[in-house]
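# Notes for the structure review
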Amino acid sequence: MTKPDASDTTGRLADEIVRFARLGARAKGMLNAGDLGAEFSALMLLFPLQHHGPMRVTDLAEAKGADPSTVSRQAAQLIKAGLARREADPADGRVSRLAVTDAGLSACLRLREARHALLSDALSGWPAERVTAFADLFAEFNSSVEALLRTDAAVSARENA
């Protein structure tokens, strides 16, 4: 038996990542979190707000790698739905920050529980040790990608592509 060519394996992995992204876009419609009053992409802003605390929209956009005007529109949805509120920035009272509300924290919990239920269903036929190994490898992969994206070489390669 011959050892698989690394480039073939990398290509197969690339195909699976694209497949996973496509499935992820479809799976978000399967999350049974009820109507939370905002688009899914807006709801995803709640998690960094929950984790990091109140943020300026520009900082939130940078953290999400999104356009500030898009994040501003999404923030307006969250505010209208009562999931977030604007508050004065203590460093500069002329600037506002977005903060998650108690209703927003409840929405985060509902989304997290719905995501957990969906993944539990998908992995229900897997042995526990394979789920653990997959979670460990996926975390390692994500860390490697994050490290690559932080390097100047990765930025230069994208700009020159």
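See the structure above.
Report on the accompanying structure.

What counts as what
- Residues numbered from 1 in each chain as written.
- Predicted model: local features only at pLDDT ≥ 70, side-chain atom pairs only at ≥ 80, totals over all residues.
- Heavy atoms only, no water.
- Salt bridge = Lys/Arg side-chain N within 4 Å of Asp/Glu carboxyl O.
- Helix = DSSP H or I, 4+ residues; strand = E, 2+ residues; numbered from the N terminus.
- Buried < 20%, exposed > 50% of the residue type's maximum accessible area, 1.4 Å probe, protein only.
- Phe/Tyr/Trp six-rings, centres within 6.5 Å; stacked < 30°, edge-to-face > 60°.
- Lys NZ or Arg CZ within 6 Å of the ring centre and 35° of its normal.

To continue, consider the pattern of salt bridges. Going through the model one piece at a time under the given rule, you end up with six salt bridges. The partner of Glu16 in a salt bridge is Arg19, with the nearest N and O atoms 3.0 Å apart. Remark: Arg19 and Glu16 occur in helix α1 (residues 6-27); sequence separation between them is three residues, near one turn of the helix. Assessed through its relative accessible area of 43%, Arg19 is described here as partly exposed. Here Glu87 and Arg97 are joined by a salt bridge, their closest N and O atoms 2.8 Å apart. Placement of the pair is Glu87 in strand β1 (residues 84-89) and Arg97 in strand β2 (residues 92-100), with a sequence separation of 10 residues. With a relative accessible area of 22%, Glu87 lands in the partly exposed category. A relative accessible area of 19% means that Arg97 is categorised as buried. Taken together, the shared-partner salt bridges connect Arg85, Glu87 and Arg97 into one network.

With that settled, the discussion passes to the packing of aromatic side chains. Evaluation of the coordinates by the stated rule reveals four aromatic pairs. Where Phe20 meets Phe138, the ring centres are 5.9 Å apart and the plane angle is 70°; that geometry is what we call edge-to-face. Of this pair, Phe20 sits in helix α1 while Phe138 is found in helix α7 (residues 128-150), placing the two residues 118 residues apart along the sequence. Its relative accessible area of 53% is what places Phe20 among the exposed residues. Using a relative accessible area of 33% as the deciding quantity, one classes Phe138 as partly exposed. Here the aromatic cluster, defined as three or more aromatic residues joined through ring pairs, consists of Phe20, Trp126, Phe134, Phe138 and Phe141. Over the ring of Phe47 we find Arg115, and its NZ or CZ is 5.6 Å from the ring centre.

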